[in-house]
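# Examining the three-dimensional arrangement
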Amino acid sequence: MVLSSCLTLLYCNENKEILIDEWWQWLLTMQDKIILDRHLHLAQKVLVVDGLIGGGKYLVSSILSALPNVECFSDGTQIQQVCALSYLKKTTPDAAQLLIQHWTDNDVYDAYVGRGANVRFADLSSIWHHRDKWTHIKRLLRKYQPLEHKRFVREIINKKPILNIMTHAVASTARPLFDALGERLVFVRVVRHPSTKYMLEHLSNWTEKWKDDKRAGMIQHRKIIDGKRCPPVPYAALGHEDEYISGSTVDRSIILLQHWQKQGDQIVDRIKAESGSTIIEIPYEKFVFEPMVYINSAASALGITPDKKTKKEMKKQNVPRNSLTDAPESKLYRRYGWIPPASHKASIDEELKIGRSYALKKSSESVMEIFDQISDDYYKRYLDPNV
C-alpha cells in the first residue's frame with residue numbers, strides 16, 4: 001500500500017526527489033521482511049570448470065565436454081562478475097544466488113534448443129569441436145511447433161543434459177555459486193603452480209589489456225583518496241591497490257595469483273565441509289600425466305561414464321603427455337606465449353625453475369617474497385609426495 005501510494009504520487013507531484021527518497025527509505029525497512037527465492041530449477045546438473053588464466057582450464061574443459069550428455073562448454077562471465085560484486089559487497093548474497101539460479105536454468109534451456117549456439121569454427125567452445133556436433137546442427141534446424149517450449153522443458157527434465165560452464169578464477173569468490181546450486185553443482189578447480197612462465201606471461205599481458213580493452217569482463221574498482229579517484233584495479237587486488245598500481249606487470253600478476261590461490265584454498269576447504277556441492281581439485285602438473293584419475297572422478301560425480309568419444313578427445317589433446325608443455329600445435333596457444341617443447345623434455349622441476357627465474361627478473365623483492373610463499377603453499381597442497 002505504501003509503495004503504491006508513493007509511486008502514484010511520484011507521477012502527480014512535482015517534488016519527485018523527496019518522494020523517491022521516501023520510497024527508498026521504505027524499501028530499506030522492508031529488507032529484513034523479504035527474501036529472494038527461486039524454489040524451482042531446470043538445470044539438474046551443472047558442471048563448472050574453473051581455473052587461472054593460462055592455467056589449463058581449456059584443456060580440462062575440452063575433455064570433460066567429451067563426456068556423454070555434457071553440453072558444449074560456455075563462458076561463465078556473468079557468474080564471475082556477480083561473484084566478484086558479492087565479494088566487494090556491492091550486491092547482496094541472496095541477489096547473487098538468485099541471478100545464478102536464473103542464468104543456469106536459462107542457459108541449459110538455450111543450449112538444448114540451439115539458441116545462442118557458438119558456430120565459430122575457430123573458437124574452442126564451438127559446436128564444431130563438440131562430440132555431438134550433429135545433435136547441435138539438428139537443434140538449429142528444428143522447425144517451430146506450437147507450445148514447443150513445454151515439450152523442451154519435459155525433454156530437459158527427462159534427458160538431464162549437463163550444463164557446462166567455464167570460469168576464470170572464480171573459486172576465491174564462489175560462495176554465491178555454491179549456495180545457489182548446492183548438490184546440483186560439480187565444481188572442478190584446475191590449479192597450476194605459480195612458477196609457470198607461460199601462465200605468468202599470459203596473466204601479465206591481461207593486466208595491460210584490462211586498462212583499455214572495451215570488451216574485458218573483469219570487475220574492477222577504484223580507491224577514492226581525498227576525493228581523488230585512483231586508477232582502476234581488478235577486484236582481486238582489494239587491499240593491495242597501491243602495490244598493484246605501482247608494480248610491474250609481473251608484480252600485478254603475482255598479487256592476483258596470491259588472492260586467487262590463497263582465498264580460493266580457504267573458500268574451497270570451507271565449502272567442502274559445509275556444502276552438498278561436489279568439488280574436484282585438479283593440479284595441472286598431475287592431470288597431463290595421469291588424466292583418467294580426474295576424468296573418472298568428474299564423470300562419477302555427474303553420473304556418467306567416459307566412452308570412446310572421451311578417449312578420442314584425450315588423444316586430440318595429447319594426454320597423457322610426456323612433459324608439461326607437450327600440447328598439440330595451436331596458433332591460439334602460441335599467441336598467448338606457448339612454446340613447443342624442444343627435443344629434450346623438461347622435467348617438472350626444470351619447468352618451475354624457468355618460471356621462478358622469469359619472475360625474479362621481472363618483479364620486486366617484496367613481491368618475490370609473496371611469490372615464493374604461494375609457490376611453497378602450492379607444492380605442499382598438491383605436489384608434495386609426503387602429504
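Structural data are supplied above this passage.
Small disclaimer: the values here were computed from a predicted structure and weren't measured. (Residues numbered from 1 in each chain as written. Predicted model: local features only at pLDDT ≥ 70, side-chain atom pairs only at ≥ 80, totals over all residues. Heavy atoms only, no water.)

### Re the overall build of the protein
Our working rule: Every helix listed is a DSSP run of H or I at least four residues long, and every strand listed is a run of E at least two residues long, numbered separately from the N terminus. Whether a residue is buried, partly exposed or exposed follows from its accessible area with a 1.4 Å probe, protein chains only, as a fraction of its type maximum: under 20%, in between, or over 50%, in that order. Contacts between residues were defined by any pair of non-hydrogen atoms, one from each residue, lying within 4.5 Å. All accessible-area figures derive from a Shrake-Rupley calculation using a 1.4 Å probe, and residue coverage is judged against the displayed protein chains alone.
The number of helices and strands found in the protein is 17 helices and nine strands. With 387 residues in all, the protein has 47% of them scored as buried. For the protein, contacts bridging at least 24 residues in sequence account for 72% of all contacts bridging at least 6. Total accessible area on the protein stands at roughly 20,900 Å², and carbon and sulfur atoms take up 54% of it.

### A look at the pattern of salt bridges
Cut-off, in case you're wondering: Only one rule defines a salt bridge in this text: a Lys or Arg side-chain nitrogen within 4 Å of an Asp or Glu carboxyl oxygen.
Evaluated as defined, the whole model comprises 20 salt bridges. In this structure, D179 engages R175 in a salt bridge whose closest nitrogen and oxygen atoms are separated by 3.4 Å. Taken together, the positions of D179 and R175, both in helix α8 (residues 175–181) and four residues apart, correspond to about one turn of that helix. With relative accessibility at 36%, the residue D179 sits in the partly exposed group. By relative accessible area, R175 is classed as partly exposed at 26%. The salt bridge involving E281 is made with R189; its shortest N-O contact spans 3.0 Å. Note that E281 is positioned in strand β9 (residues 278–283) and R189 in strand β4 (residues 185–191), a separation of 92 residues in sequence.

### Concerning the sheet that holds strand β1 (residues 46–51)
To keep it simple, the criterion reads: Whether two strands pair depends on DSSP finding at least two bridges between them.
Read from one edge of the open sheet, five strands run β2-β3-β1-β4-β9, paired in parallel fashion. The open sheet has two edge strands with one neighbour each: β2 (74–75) and β9. Sheet analysis places β1 next to strand β3 (residues 163–168), joined by six bridges and oriented parallel. Looking across to β3, one finds that V46 is bridged to L163.

### Section: the pairing of β1
Burial within β1 is extensive, with six of its six residues counted as buried. On β1, burial covers both faces: V46, V48 and D50 on one face and L47, V49 and G51 on the other are all buried. Two elements, β1 and β4, share six bridges in a ladder whose sense is parallel. Across the sheet, V48 pairs through a bridge with F187, a residue of β4.

### Considering the nonpolar core
The nonpolar side chains of soluble globular proteins are, as a tendency, buried together. Condition: The criterion is simple. A nonpolar core is a set of buried Ala, Val, Leu, Ile, Met, Phe, Trp, Tyr and Cys residues joined through side-chain atoms within 4.5 Å.
In terms of nonpolar packing, the biggest core is built from 30 residues, with V46, I100, L177, L185 and F187 touching the most fellow members. Elements with a minimum of two residues in this core: β1, α4 (77–87), α5 (93–113), α7 (148–159), β3, α8, β4 and α11 (249–274). With six residues, α5 is the largest single contributor of residues to this core. If you look at the next biggest cluster of nonpolar residues, it comprises 29 residues, including L52, I53, L88 and I219.

### With respect to helix α13 (residues 291–302)
Note the cut-off: Multiplying 1.5 Å by the residue count of a helix minus one yields the expected span of that helix. Directions pointing from the helix axis toward each C-beta atom define the arc.
Taking 1.5 Å of rise per residue, twelve residues should cover 16 Å, and α13 covers 17 Å from first to last C-alpha, within 8% of that figure. Among all positions in α13, only P291, Y294, I295, A298, A299 and L302 are buried. All buried residues of α13 fall inside an arc of 135 degrees around its axis, so they share one side. Turned more than 90 degrees away from the buried face of α13 sit V293 and S300, all of them exposed. Buried residues along α13 sit against β1, α3 (57–64), β4, β9, α12 (284–287) and α14 (308–316). Two residues or fewer after α13 comes G303, characterised by a positive phi angle close to 80 degrees.

### With respect to the packing of aromatic side chains
Selection rule: The aromatic pairing rule takes the rings of Phe, Tyr and Trp, using the six-membered ring of Trp, and pairs them if the centres are within 6.5 Å, calling planes under 30 degrees apart stacked, those over 60 edge-to-face and the rest tilted.
Counted according to the given criterion, the structure contains eight aromatic pairs. Relative to Y235, the ring of Y87 lies with its centre 6.3 Å away and its plane at 75 degrees, an arrangement referred to as edge-to-face. A residue pair is termed long-range when its members are at least 10 positions apart, and Y87 in helix α4 and Y235 in the loop between β8 (233–234) and α10 (241–246) qualify at 148 residues. On the basis of relative accessibility, which here comes to 5%, the residue Y235 falls in the buried class. Ring centres of Y112 and F152 lie 6.3 Å apart, and the angle between their planes is 70 degrees; this geometry places the pair in the edge-to-face category.

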